Every structure is written in C-alpha cells, then in structure tokens.
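# Structure at a glance
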Amino acid sequence: MTSLILSQIVNGLVLGFLYVLIAIGLSIIFGMLGIVNFAHGAFFALGAYFALTLRNELGDVWIFLAPLCVAVVGMGIEVTLMRRIYGKEPLLGLLITFGLALLIEEIIRTVWGTVGHPFNAPTALSGFIEYGPILVTRYRVAVLVITVVILFGLWLFLRRTPYGRIIRAGSRDAEMVSMLGINLKRVFTLVFGLGTALAGVAGVLAAPLWSVVPSMSAGAIMPAFVVVTIGGLGSFAGAVVSGLLVGVSVALTIQFWPAAATAVMYVLMVLVLLVRPRGLLGERWERFE
Amino acid sequence: MSDFGRGFRHPVLWAAVVFAILPFVLPRFGSTVSLATEIAIYTLYGLGFNLLLGYSGLVSFGASAFFGMASYAAGLAMIHMPGGVLLAIVFGTAFAALLGLVLGLLILRRRGIYFSLLTLAFTQLFYEIAFKWTDLTGGENGLQGVLRPGLADAMAYHFFAATLIVAAMYIYWRIVHAPFGRVLQAIRDNEQRVQCLGYDTQGYKLGAFVLSAAFIGLAGSLLTFLIQGVYADNLSWQHAGDPVMMTILGGIHHFLGPLWGSMIYIALRDQLSSYTEHWWLAFGTILIAFILLSPEGMCGIWSRLTRAPRWTLTRNEPLKKVSGVLQPQLRAAARSDDGSVLSVRGLRKSFGSLVVADDVRLELRRGELHSLIGPNGAGKTTLFNMLTGLIPCDGGEIRFGERDITRLPVHRRITAGLARSFQIVSIFRDLTVFETVRIAAQAQSSHRRNLWRDAYGFADINAKSWMLLDTVGIADRAAETGGSLAHGEQRLLEIAVALATDPSVLLLDEPLAGLADADRERVARLIRSLAGQHSILLIEHDVDRVLTLSDRITVLHQGRVIATGAPQEIAGNPEVVAAYLGCPGKAPTTPAIAAALRTDRAPLLTLQHVTAGYGASLILHGVDLRIDDGEVVALLGRNGVGKTTMLRTIMGVLKPVSGRVVFRGTDITRASPDRINRLGISIVPEGRRIFPNLSVQENLQLAQRPGGWSLDEAYDLFPILLARAAARGESLSGGERQMLAIARAMMAPTSLILLDEPFEGLAPTVVAEVLAAVMRLKDRTSILLVEQKVDIVMQMANRSYVMVNGSIAFEGTPAALHHDEELQQKLLGVAV
C-alpha cells in the first residue's frame, strides 16, 4: 500500500511539474501583457502535434524544434492580433484568446484529423526504475529532470539577466519601463513567444503520457488556471508550490477515487480562493482586482 | 411621441414579433421550427447573461453552469416527480436561482479577474459532477426521454416557450428600468462611487447574480423540453463562452443585442455545419474579426449607420425639466458632548515603509467650514479615504457625533450623513449627467431597491435632481454622458452628487481644482453658503482663498498635524510657512536667485501651441514653451492646472491633439516614450514609480545604458543607495525612493531631465539632501522642474513659467516673479 502511495506521489510530482511549466508561461504572459491567455492550452497541443510531425518527417532528434515552432506561431499571433487589444477592456483580451483557443483546436482537427495519434517515448527511456518502494517509469523520471532543469533555468533568467529584469519590472509598471528607453512592443512579442514556447515544451513532454488528441488542450488550460490562481498571479514560487500540490492531489485521487480526479483541483481552487483571495503567495495587484 | 407610438417601438414587442415569424420563415431555408425555438431560448440565455455583463460589468463564466444545472433540474423533476411541464420548468428556474444565491454569496466577495476565474472553476466543477455522477445524471449519455405531454407538436411547443420567454423579457425590461436596475449600471461604471453614495453594492451585485441565474435557469429548463433530454455538453468549458460570444456578436450594450447575437450564432452554425464539419474555422474567424473591428457588435454597426450613437440598454429618456432652488432637507447632525460632529483621534496608517498618517487628531464642529491644508503628499486625501472607510486605518478612532464609525462599512457611513467629493473626478462615464445626479438623489429613498416601478416615475427624486443641477449650474448639459463633459463641468457634477444624499457632513477634496477663475468664485461662494447648514471639511490648495473662507484650519505635513486654529494663527505660524515653502529658517527677503542665462543659446526643447488632454477633457490649451541648452527651467502652478500632463505629453505617453513638440530639431510629437528617452529625455515622474519588486541595484541596472551614469557614479551622488543596494523597492522610505528615481533617470544618457515635484512630501532634512543632488545635476544636463515650492525654484531656475488652467500665464525670470507679489497671489494663490 505504501509503495503504491509513494509511487503515485512521484507520478503526482511529475504531473505537477508539467502543470508548473504550463502555468508559468501563462503567468508570465498574464503579468507582463495583462492578458488571460485562454489559448494557452491550444499552444500546448500544438507543441505535441508539431513534435509528432517533426518526428514522423525528420526523425527523433528534431522534436526539439517543436517548441520553437510554437513560439513562432505565438509571436505571429501577438503581432497580428494581441497588439490591437492592449490597453483596451480586459474582456476583449479574454474573448479573443477564447475564440483563438477554439479556432486553433479546430485547425488541429482539420490538419491532423480528429483521431488520436500514438506517441511513444524514445526507446532509450522506456522501462521502469525501482527506488526502494517506489516504482516509476524511466520516461517519467526523465520528464521530472527536464522540467526541473528548465524551471531552474527560467528562474535564473528572470533573476539574473537584464531581460529577466525587464520582464519583472514590466509586470508591475510597463509604462515606466518604456519611459526608461525600452521598446515595449518587442518585449511583449518576445514574452508572448516565451510563454507559448513553455507551453509547447510541456506539450512535447506530455505527448507520450497523455494521448495526442485535439482535445488535449482542455487538459492543459484548466489545470493551468487552477495552478495560477491557487499559487497567486505573478508569483513564480507560488506557481511551483501550487503546481506540485495540484499534481500530487490529482495523482492520489486517480488512484483512490478515479471519478473525482479532475474535480478535485477545482475544489482546491475554490477553497484556496475563498480563504486567501490572492492565492497562497500572490501579491496585491490593483489592476487585477 | 405619444404613448402608443412609444409602445409600438418597444423592444419586447419586436422580439415577440420576431419569435412569431421565425418558425414560419426558417423552414423555407431548410431549417426547422425547433431551431426557431432554440433561437428564442438562447435569446433569453443571452439576456440573463447580459444582466451581469452589459448592465453590471461583471464578467462571469458561470452562465453555462446555471443553464446546465437548470436543464438537469427540470429534466429530473419531469422524470421523478409528477406535475407536468410547467411545474418542472418552475422547479428548474427556482433551482437555478437558489444555486445563484449560494454561489453568489461565495464568489462575489472577490472582484475582477479572480471573480471571473472562480465562476469558470465552478462551471468546470459542475461539469465534472454532471459527467461523472452517472446514477443521477446519466453521465456521458445524459438524460433521455423527457416527455412533453400536451406540447408534443413542435409548433405548439414553440409558441408555449416563446410566450414564457416574452413574458420573462418584459419582467427583465421592468427590472432594468427600475431603481434597482439603474444602480447596476452605475456600479458597472464606478462601484466605489456608488458605495460612497450609501448603496450596499454587494447586495445589488448579489441580486443581479441571482436574477441572472433565474433568467438563465428558465432558458435551460425550456431547452430540456425542446430537445426532450439533457446532456452534459453545455456545461463544458468550451460552451461557457457561448452566451459571451452571442452577446458580443449582437452587442453587449444594447437591450436586444442577445436576440440578434443568438440568431446569427444559431443560424450560422446551422447553415455552415451542413457544408463542412469544420464550420468553426469560419465562425471563429468571424468572431475574432468582430471583436477587433466592432466590439459593440451588430447593434454597434447599426447605430453607427443610423447615427444613433447611444447605447440602448435602457430607453433613451426625453428629459422634462422642473425648475426651483434647492432647499436642502437635512438630517439633524448628531452632536457629541464637545460639539463636534466628526472627530478623529490617534489615527495611524502606513503603506509598508511609507507613513501616511501619524497620530492624527482632528475635530469638525457643527456648522463650521474647516479647511485641511498641507503640501502635496501630506496625506490629506488618504485621511479622507479613511474617514469614508475606503481604506482601513492601522489604529485610532473616528467618531461621527457620538457614534464610533471606525469599523463601519462605507455605505453605512454615508447613510449616517457623511458625503464626499473626490479629488480626481469620480463620476459615471457612460451615464447621463441627469442620471448621475438622480442615482445619487435616489440613494436615501425607500424605493432604491425597487425592482418593478420605473425609476423615472418618482417625481420627488426627479425634482430634486433638477434642483441640484440648477444649483451647480449644469442643467443645460443634463443629457450628455459624464465622459463627454469638460473638466470644469465634471467638477460641478461632483459637487452636485455630493450634495444629493442630504449629508450633514461634507468632505470636499479639492473641489476647485482645474476650474476657471469665474467658476472658482462661484463654487467658493456656494461652499460658503452651504456651511452653517452643513459642516464642511475642505481640502484646498488655494491657500489665500482658504484663509478667507474658513472658520478654522488644520495643517497636515507628512502625515502629522502641525497646527490647528483660526486662519490668522495659521498664517503666521512659522512651522506652517516652512512646510509649504521648503527651506526652514530662510529669510524670505533675500533669497539667492539664479541669474538668467544669455539668450542666444540653442533651443533644446520647444513646445509649439500644444493642446492635449484625456478624451473630451482637454487639459492643455495651446501651450508654448522653450528650454535652451544648459538651462534650468521651472514650471509653477497650482494643483490641477496641467503640469504633470505637460510632462507626460513631452515624454510621449500622452499624444497631443494639436501642436508640435520638437527636441534638438527632431519632431517628437508622435514618438513613443522609449524613442524619446533614447533621444535624451529622462523623467522622474509623479509618484516616483520605482519598481517595488526589484532591488535598488536592479532598478538602476534596468535603466543603465552606455553614456549614462555607472553604478559607482550613482552611489557616489547618493550614498544612501549604496547602503540599501539590496533592499527591495517597496521597503524604501519616501526620500530614498526619490533619490533612487533621480539616479535611475540619469543612468541613461540624458540631455534633459523632467522632474515632477521632486521634493513633494519629504522631510526638510531630506529636502536639503535631494536639493543638493539636483543642484549637482545642473552641470550635466538641462532641467525642467515642476514645483510648487517657489523658494526652491528661485534658487535653481534660470527662467520660470507659471501655468494657469492649462495655458502659460507668465514667463520670465524668477526675480521678476519674486518682485511682483500681486502676480504671485493671482497665479499661485500664495505669496512668498
């Protein structure tokens, strides 16, 4: 029994870190651009589908291009669509990304078909690993390691580099940043690209774990919202803590009460928001309240 | 227009006609009668949703939750309980309303994006429940075989449903025209203001939420009987956007918007899906195009074509004027033993490291006109915010008469007899002037929660509104929307609104700011005449006027009361003089005055006849200004004349309506702020605006570019910044923030630095330090200094401008200004 629970917890951590990866992209876009990106799940799905095509056409190694392709699409959308709604009513941003989400999903259906595609983990990563009572697949361990490395790299980027500084400052006062001589338009485009690329990476990593179907976007966007709101808008540490919390909760619930597995994260979200309205580690941002 | 004529154009009648015709028209295009019913149902769905969005300004994704839950309730009722179709529909509607009550109580505590996300979470939660609780809901397969005895025929059901829907629409029409519905629109535009009129806004929002749920519930129940089954589909997150999209397509600011939206949505879906299974591609593109190009939807396009520019959420009222002069109906102000109607003791408040109120003690006596003065940043508006309850205090006590109101919510304080006007005009942008005052006048009426009667049918409230408009003198603008008024008119509206609640105590926050001289006189006299009957606490910057108007004066400086007493005492108080004018102990007769520079220097920055503002409210009127290379130029003027607007225009944040801004021969009128900064203009803005989540060092590093200061140079000029290099911006004191802001501006190569009141709110010792630093800047860059402290300006500036109401009223050397006391009085309201 303990072995089961522990193994599930590890699975939960893997799931959790994937959620964190998606949520951080959402949070960065939210913080800097002030846009709730409903289409974030669609970019996640695009990552998986691009990886599928790249692998089938060019070979295993080219999977790494997939997040880049997603970023290019994201930046293209930012330049053509998003730019027109900055500074307007927040509702418009919500609606445009909502419409975009459904549109992209429909495009995926048209190009790749409605049937799910199998996506196997690379053979080098197949099989199980045993650590004492814990039994977990090699691929999952790989995902865990990769996501932690990426998140750490992202943290370093935000904390130590000039660009990261701009992003952090811009999340609080974008106008002041532009008055200091920084071209915001370009920054916004790159931030949107970064956020969507993160979703794309998560999509590539998740492809062998979940099936590659057009509706996989819903499986990404809703947990991302939950994680971001529980953790607190704009908080890196908050997203990590809440992502892991949600991941582990879902994994354990899948084991013991499967029907309630997806519902449990919403219950968590409701509870946290009622008790701590700004999330566990969120700060007070007037423009979001 | 006769009553019959008006009735003929009634929107609900139109809807009824459309519903009657549709089932006959649609089959000719290959559709069915059921589709017509579906359109009617979705119209009601959209209307219910729009009660929250278009009328109350709440973005809720919970509509589909109520829609789906009511469908299930009605279906289950029909299957498990005897009683017929109508009973099941009633059950479904009631269930949705109850659910709305429960959810509303939970969710409405949160605002903005959190509110919206919570509604989405609940929708998903209900979806999961409906999908997984197979025993009750049929799970994936849903409920099937819901019978429709007596209404089996599609046409019969259509007219049954349409009748119910039209009846519901009529009730909806009554609600939005009733006092309750009118308040919702005001809440949408400015909730805080509505609270400050004495309305319990939470109650209104909850009411709207429940009503919205009920209308949507009725629609959901009707859908169950239309398709004779219930499916979990409608609760999925993809369908959460259905009512949103339909309403946007039709027009969220129009009563019949949802009707047109649902027709388009359903008809398109029906037609397109018969051509291709990827019809969403076309639809999604259309939707996005609408959002970008016509956010007001189809109705928006229609009103643009027919030149009817206004929203049609409610009937556009023809206004009938009633004349008269305001006789204030007053509540007798409760008085405490010491004769004060409002008293404050030991009040404390800090924002992080910034202390804004430090043991404040204040007493307002019955019938007096008591002014509150102090330099910018002294904490006056914050004090008002604490008195009205908009922000909580950290400690201390506020008494209204005998009553302790320290913990009382905002609307209760207003009901008790307090009223307030705002420093930054706080009115309803999209409501007419008349409606604005009427809402305020309605606040104390017993009818304010009425759901049925026409709000414009209360003669006494109407009469009072007209009288208020007459009193302040904007009755001729009654039909204009608040957002289209000129600044001065908005100020007058502010006052009318403050008077409308029959207060015994008035808190007026800079009511004269931005007014032309003649208006100032009039409003000042109005205020004076109000004292006696009312007790007034007044914040004003026009010190001279304050000295003549007031019975007593309290002076606030850096959050502390430094003097209280009769005007004569205050005028002679040395501490007060020092606080206002800057440097203590300076003999005013022999200031060191900087000499004017030679006039043949190259012009650095010129403004040519610049006019700028925000929307209809123009702040700058034809301003001409010049700064030469190496000069220090001062821009003086009272609060509200447009000094900060000027700086924002130069910096490119605000684009002028007309005129040119030229820097070193380059036209920067339309340039973006970052380009302007790269050309060499830096700004230290109002409020400092350092980044609170970055450390001091990071703040500096962010701004650094080759050619500007290095970190060492910055630390050299401001040693305190070195000591605090690792501290987060939000933990810095006022003086430290100011120094950081100045250093940050210099980290990039700068030939002109714009300083917006750099000494505001600083302690005298800190002022000296900052002043020394700014003086050292003179060698490296030209300076445009916006200030109120004339004394400092005279030490530093080669030339000064004085602005009055958006134009330049004086240009010359500080010496010339210094010698002309009458001019100083006129322009600045204070003589040095």
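Residues numbered from 1 in each chain as written. Chains lettered and ligands numbered in written order. Predicted model: local features only at pLDDT ≥ 70, side-chain atom pairs only at ≥ 80, totals over all residues. Heavy atoms only, no water.

What follows deals with the overall build of chain A. Secondary structure assignment for chain A yields 11 helices and two strands. Mapped in sequence order, the helices and strands of chain A form the string α-α-α-α-β-β-α-α-α-α-α-α-α. The C-alpha atoms of chain A give a radius of gyration of 19 Å, which matches the 19 Å a tight globule of 289 residues would have. Projected onto its principal axes, the C-alpha positions of chain A cover 60 × 50 × 35 Å. (Helix = DSSP H or I, 4+ residues; strand = E, 2+ residues; numbered from the N terminus. Rg over C-alpha atoms; globule rule 2.2 N^0.38 Å.)

What follows is about helix 13 (residues 257–275) of chain B. Residue and element names in this part refer to chain B. The terminal C-alpha atoms of helix 13 lie 27 Å apart, and with 19 residues this matches the ideal 27 Å at 1.5 Å per residue to within 8%. Looking at helix 13, one finds that the buried residues are Gly 257, Pro 258, Leu 259, Gly 261, Ser 262, Tyr 265, Ile 266 and Leu 272. Tucked inside the fold, the buried residues of helix 13 contact helix 2 (11–25), helix 3 (33–55), helix 12 (242–250), helix 14 (279–293) and helix 15 (297–305). (Expected span 1.5 Å × (residues − 1). Buried < 20%, exposed > 50% of the residue type's maximum accessible area, 1.4 Å probe, protein only. Contact = heavy atoms within 4.5 Å.)

Residue and element names in this part refer to chain B. Strand order across the open sheet formed by six strands is 8-9-10-5-11-12, with mixed pairing between neighbours. Strands at the two margins of the open sheet, each flanked by one partner only, are strand 8 (418–421) and strand 12 (560–565). Within this sheet the neighbouring strands show an average axis-to-axis angle of 15°, counted without direction. In this structure, strand 8 lies alongside strand 9 (residues 505–509), joined through four bridges in parallel fashion. Note that in strand 9 the partner of Arg 420 across the bridge is Leu 507. (Pairing = 2+ DSSP bridges. Axes fitted to C-alpha atoms, helices over the stretch in contact; angles between N-to-C directions.)

Take helix 9 (residues 218–231) of chain A next. Residue and element names in this part refer to chain A. In this model, helix 9 (14 residues) spans 20 Å end to end at C-alpha, consistent with the 20 Å of a helix rising 1.5 Å per residue. Across the 14 residues of helix 9, 12 count as buried, placing the element largely inside the fold. Among all positions in helix 9, only Ala 220, Ile 221, Met 222, Pro 223, Ala 224, Phe 225, Val 226, Val 227, Val 228, Thr 229, Ile 230 and Gly 231 are buried. Two residues or fewer past helix 9, Gly 232 is found with a positive phi of approximately 110°.

In this section: the confidence of the model for chain B. Per-residue confidence for chain B averages 85 on the pLDDT scale, and 91% of its residues sit at or above 70. Confidence over residues 581–593 of chain B falls short of pLDDT 50; this stretch has 22 contacts with residues more than four positions distant or in other chains. (pLDDT = per-residue confidence, 0-100.)

In this section: the interface of chain A and chain B. Interface extent is often summarised as the accessible area lost during association of the parts. Taken together, the contact pairs 58 residues of chain A with 57 residues of chain B. Buried area between chain A and chain B, summed over both chains or domains, comes out near 5,700 Å², and the portion from carbon and sulfur atoms is 73%. We note a salt bridge from Glu 175 of chain A to Arg 648 of chain B, for which the minimum N-O separation is 3.4 Å. Counting the contacts that link chain A with chain B gives 15 residue pairs in polar contact (both at pLDDT 80 or more). Where the side of chain A that touches chain B is concerned, the elements lending two or more residues are helix 4 (90–112), helix 6 (162–172), helix 7 (174–179), helix 9 and helix 11 (263–275) of chain A. Looking at the side of chain A that touches chain B element by element, the count peaks at 16 residues for helix 4 of chain A. Of the residues assigned to the side of chain A that touches chain B, the class counts are 38 nonpolar, seven polar and 13 charged. (Buried area = accessible area lost by both parts, 1.4 Å probe. Salt bridge = Lys/Arg side-chain N within 4 Å of Asp/Glu carboxyl O. Polar contact = N/O pair within 3.5 Å; in protein donor to acceptor, adjacent residues only side chain to side chain. Nonpolar A, V, L, I, M, F, W, Y, C, P; charged D, E, K, R; others polar.)

To continue, consider the pattern of salt bridges. In the structure shown here, the tally under the stated rule is 31 salt bridges over all chains. Residue Glu 38 of chain B is joined to Arg 269 of chain B by a salt bridge in which the shortest nitrogen-to-oxygen separation is 2.8 Å. Of this pair, Glu 38 of chain B sits in helix 3 while Arg 269 of chain B sits in helix 13; the two residues are 231 residues apart in sequence, bridging distant segments of the chain. Residue Asp 430 of chain B pairs with Arg 429 of chain B through a salt bridge whose shortest N-O separation is 3.0 Å. Residue classification places Asp 430 of chain B among the partly exposed positions, given a relative accessible area of 24%. Overlapping salt bridges bring together Asp 173 and Glu 175 of chain A together with Arg 648 and Arg 689 of chain B as one network.

Turning next to the side chain of His 40 of chain A. All names here are of chain A. Take His 40: it is sitting in helix 2 (residues 40–58). Note on His 40: relative accessible area 0%, which makes it buried. Among residues more than four places away in sequence, those in contact with His 40 are Ile 22, Gly 25, Leu 26, Ile 29, Gly 195, Thr 196, Ala 199 and Ile 221.

The next point concerns the packing of aromatic side chains. Applying the stated criterion across every chain yields a total of 28 aromatic pairs over all chains. With 6.4 Å between their ring centres and 25° between their planes, Phe 157 of chain A and Tyr 163 of chain A make a pair best called stacked. The exposure class assigned to Phe 157 of chain A is partly exposed, which follows from its relative accessible area of 26%. According to the relative accessible area criterion, Tyr 163 of chain A is partly exposed, its value standing at 29%. Here Phe 66 of chain B and Phe 209 of chain B contribute two aromatic rings whose centre-to-centre distance is 5.7 Å and whose plane-to-plane angle is 80°, an arrangement assigned as edge-to-face. Placement of Phe 66 of chain B in helix 4 (residues 63–80) and of Phe 209 of chain B in helix 10 (residues 201–227) is noted, with a sequence separation of 143 residues between them. Side by side, Phe 66 of chain B and Phe 209 of chain B carry an identical accessibility label, which is buried. Put simply, the rings of Tyr 55, Tyr 172, Trp 173, Phe 215 and Phe 255 of chain B touch in pairs and so form one group of aromatic residues. (Phe/Tyr/Trp six-rings, centres within 6.5 Å; stacked < 30°, edge-to-face > 60°.)

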